[in-house]
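# Working through the structure, step by step
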Amino acid sequence: MATQTLTEQNFDEVVTGNDIVLVDFWADWCGPCKSFAPTYEKASNQHEDVVFGKVDTEAEQGLAAAANIRSIPTIMAFREGVLVFAQPGALPPAALEDLVTQVKALDMDDVRKQLAEQQPKA
């Protein structure tokens, strides 16, 4: 599956409407972003059960700000609408593959339980 362009208009729908979504925050002027793009694209073709999205931080400055992007490229992974990974920097192919494998293997009941335990008691 090819990567999808994510915008402020479709970001929430894509993230909440799919089981696993990886997001690459990038910009056209960013050398490491351009170097990482073929690795990301290749992974998107190898994992058809995962949505691979890309956010152009220049075109989507509001979305980049809302996601607290300070450095690009930044990779985020969402599982069942929950942010489970966020890290700046281009990943080598093996690390990206490992990330996808780990996100697929997550026990989301356990993740939600841990998140609930972190919430301050009202």
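Note: the structure precedes this text.
All residue numbers refer to positions counted from 1 along the written sequence of the respective chain. Only residues with pLDDT of at least 70 get local features here, since the model is predicted, and only at 80 or more are side-chain atom pairs given and counted; chain-wide, interface and lining totals rely on the full set of residues. Only hydrogens and water are set aside when side-chain values are computed; all heavy atoms of the structure are taken into account.

So, about the pattern of salt bridges. By convention in these notes, a salt bridge is any Lys or Arg side-chain nitrogen within 4 Å of a carboxyl oxygen on Asp or Glu. According to the stated counting rule, one finds 7 salt bridges in the structure shown. As a salt-bridge pair, D28 and K34 come within 3.6 Å of each other at their nearest N and O atoms. The partly exposed category is assigned to K34, whose relative accessible area is 48%. Of the charged contacts in the structure, one is a salt bridge between D109 and R112, with a shortest N-O distance of 3.3 Å. Each residue gets one of three labels from its accessible area relative to the maximum for its type: buried under 20%, exposed over 50%, partly exposed in between, using a 1.4 Å probe on protein chains only.

The subject of this paragraph is the packing of aromatic side chains. For this analysis, a ring pair means two rings from Phe, Tyr or Trp (six-membered ring only for Trp) whose centres lie within 6.5 Å, classed as stacked if their planes differ by under 30 degrees, edge-to-face if by over 60, and tilted for the remaining angles. According to the stated counting rule, one finds 3 aromatic pairs in the structure shown. Considering the side-chain rings of F11 and F78, the 5.9 Å spacing of their centres and the 80° angle between planes classify their relative orientation as edge-to-face. Of this pair, F11 sits in helix 1 (residues 11-16) while F78 sits in strand 4 (residues 74-79), and the two are 67 residues apart along the sequence. An identical accessibility class is assigned to F11 and F78; each is buried. Where F36 meets Y40, the ring centres are 5.6 Å apart and the plane angle is 45°; that geometry is what we call tilted. Within this pair, F36 and its partner Y40 are both found in helix 2 (residues 31-46), separated by 4 residues, close to a single helical turn. This pair shows no difference in class: F36 is buried, exactly as Y40 is. In this structure an aromatic cluster arises from ring pairing among F36, Y40 and F52. Helix and strand definitions follow DSSP, with helices as H or I runs of at least four residues and strands as E runs of at least two, each counted in order from the N terminus.

Once that is clear, we can look at the sheet that holds strand 5 (residues 82-88). Any two strands with at least two DSSP-identified bridges between them are counted as paired. In spatial order, the strands read 1-3-2-4-5; together these 5 strands make up an open sheet with mixed pairing. The sheet terminates laterally at strand 1 (4-5) and strand 5, the two strands that pair on one side only. In this structure, strand 2 (residues 20-26) lies alongside strand 3 (residues 51-56), joined through 6 bridges in parallel fashion. Along strand 3, the bridge assignment pairs W26 with D56. Contacts are assigned to residue pairs with any non-hydrogen atoms lying within 4.5 Å of each other. Note on geometry: axes are C-alpha line fits, over the in-contact stretch for helices, and angles between N-to-C directions span 0 to 180 degrees. Packed on one face of the sheet, helix 2 meets strand 2, strand 3 and strand 4 and runs near 155° to strand 3.

Turning to the side chain of D24, a few remarks are in order. With respect to the element layout, D24 can be found in strand 2. When near neighbours in sequence (up to four residues on either side) are disregarded, D24 contacts F36, Y40, G53, K54, V55, P73, T74 and I75.

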